[in-house]
Amino acid sequence: MFEVTIEETFAAGHALRNYRGKCENVHGHNYRCQVTLEGAQLDSIGLLVDFVELKRVVHGVLDRMDHQWLNEFPPFDVLNPSAENMAKYIYDEVAAGMPPREGVRVAVIRLWETDTASTTYRP
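Residue positions are given per chain, counted from 1 along the sequence in the order it is written. Per-residue local features of the predicted model are confined to residues with pLDDT of at least 70, and side-chain atom pairs are confined, for both listing and counting, to 80 or more; whole-chain, interface and lining totals are unaffected and use all residues. Based on all heavy atoms of the structure, the side-chain values leave hydrogens and waters out of the count.

Visitor: Is there a simple way to explain the pattern of salt bridges in this structure?
Guide: A side chain of one charge can pair with a side chain of the opposite charge if their charged atoms are brought near each other. Salt bridges are counted wherever a side-chain nitrogen of Lys or Arg sits within 4 Å of a carboxyl oxygen of Asp or Glu. Under the counting rule described, the total for this entry stands at six salt bridges. Between Glu-24 and Arg-20 there is a salt bridge, with its nearest N and O atoms 3.8 Å apart. The partner of Arg-105 in a salt bridge is Glu-38, with the nearest N and O atoms 2.9 Å apart. Taken as a pair, Arg-105 in strand β4 (residues 105–114) and Glu-38 in strand β2 (residues 27–39) lie far apart in primary sequence, 67 residues in all. Classification of Arg-105 as partly exposed rests on a relative accessible area of 38%. Numbering of helices and strands runs from the N terminus, with a helix taken as a DSSP run of H or I at least four residues long and a strand as a DSSP run of E at least two residues long. Categorising residues by exposure relies on relative accessible area from a 1.4 Å probe, with only protein chains included: less than 20% of the type maximum marks a residue as buried, more than 50% marks it as exposed, and the intermediate range marks it as partly exposed.

Visitor: Just checking my understanding: could you explain the sheet that holds strand β1 (residues 2–14) for this structure?
Guide: Sheets are built from strands paired through backbone hydrogen bonds, the pairs being either parallel or antiparallel. Strands pair, by our definition, only if DSSP identifies at least two bridges between them. Strands sit in the order β3-β1-β2-β4-β5 across an open sheet of five strands; the sheet is mixed. Since the sheet does not close on itself, it has two edges, and those belong to β3 (68–69) and β5 (117–121), each with one partner. As judged from the two bridges shared by β1 and β3, these two strands associate in the parallel manner. Paired with Ala-12 across the two strands is Gln-68, which belongs to β3. Any two residues whose heavy atoms approach within 4.5 Å at even a single point are treated as in contact. Here, axes are lines fitted to C-alpha atoms. For helices the fit covers the stretch in contact, and angles between N-to-C directions go from 0 to 180 degrees. Strands in contact with helix α2 (residues 83–97) are β1, β2, β4 and β5; relative to β4, the strand with the most contacts, it is inclined by about 145 degrees.

Visitor: Please clarify how helix α1 (residues 51–65) should be interpreted in this entry.
Guide: For an α-helix, 3.6 residues make a turn, and residues three or four places apart therefore share a direction. The span one expects for a helix is its residue count, reduced by one, times 1.5 Å. With 15 residues, α1 extends 21 Å from end C-alpha to end C-alpha; this agrees with the ideal 21 Å at 1.5 Å per step. Residues of α1 that are buried include every one of Leu-54, Val-57, Val-58, Val-61, Leu-62 and Met-65, and no others. Residues of α1 that are buried in the fold lie against β1, β2, β3 and α2. Its side-chain oxygen at 2.9 Å from the backbone nitrogen of Val-52, Asp-50 defines the N-terminal cap of α1. Positive backbone phi, at 60 degrees, marks His-67, one or two positions downstream of α1. Whenever a nitrogen or oxygen atom comes within 3.5 Å of another N or O atom, the pair is scored as a polar contact, on the condition that within protein one atom can donate a hydrogen and the other can accept it, and that pairs from neighbouring residues in sequence are kept only if both atoms are in side chains.

Visitor: Help me understand α2, please; the structure alone is not making it clear to me.
Guide: Between its first and last C-alpha, α2 extends 21 Å over 15 residues, near the 21 Å set by a 1.5 Å rise per residue. Taken as a whole, α2 has its buried residues at Ala-83, Met-86, Ala-87, Tyr-89, Ile-90, Tyr-91 and Val-94. Buried residues along α2 sit against β1, β2, α1, β4 and β5.

What follows is the structure, encoded as structure tokens:
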């Protein structure tokens, strides 16, 4: 099995709904997002996926979230903007945006809110 991983960053603000503690207040994070694709077969030039293509798709997702108030950004205008929910959203958007390639899939999204706190989503 091969894996291709990139990391990108974005900044956004949120407030957790129905949370008891300081994170119920307005605050922001400088998020770091790691996206990993996996597959068993390389293409004819020896690539699982082109880094340029993966970065284009991931940037398309994260750039929409960058410097946004997530509580008003769909789907987080309804869904609580927790790191866990954000990781799942990023997974869904990246998976939908990648050109189909047999045997290649988004394997894992890891999202850091701080240098020492992260969440992981894998289907």
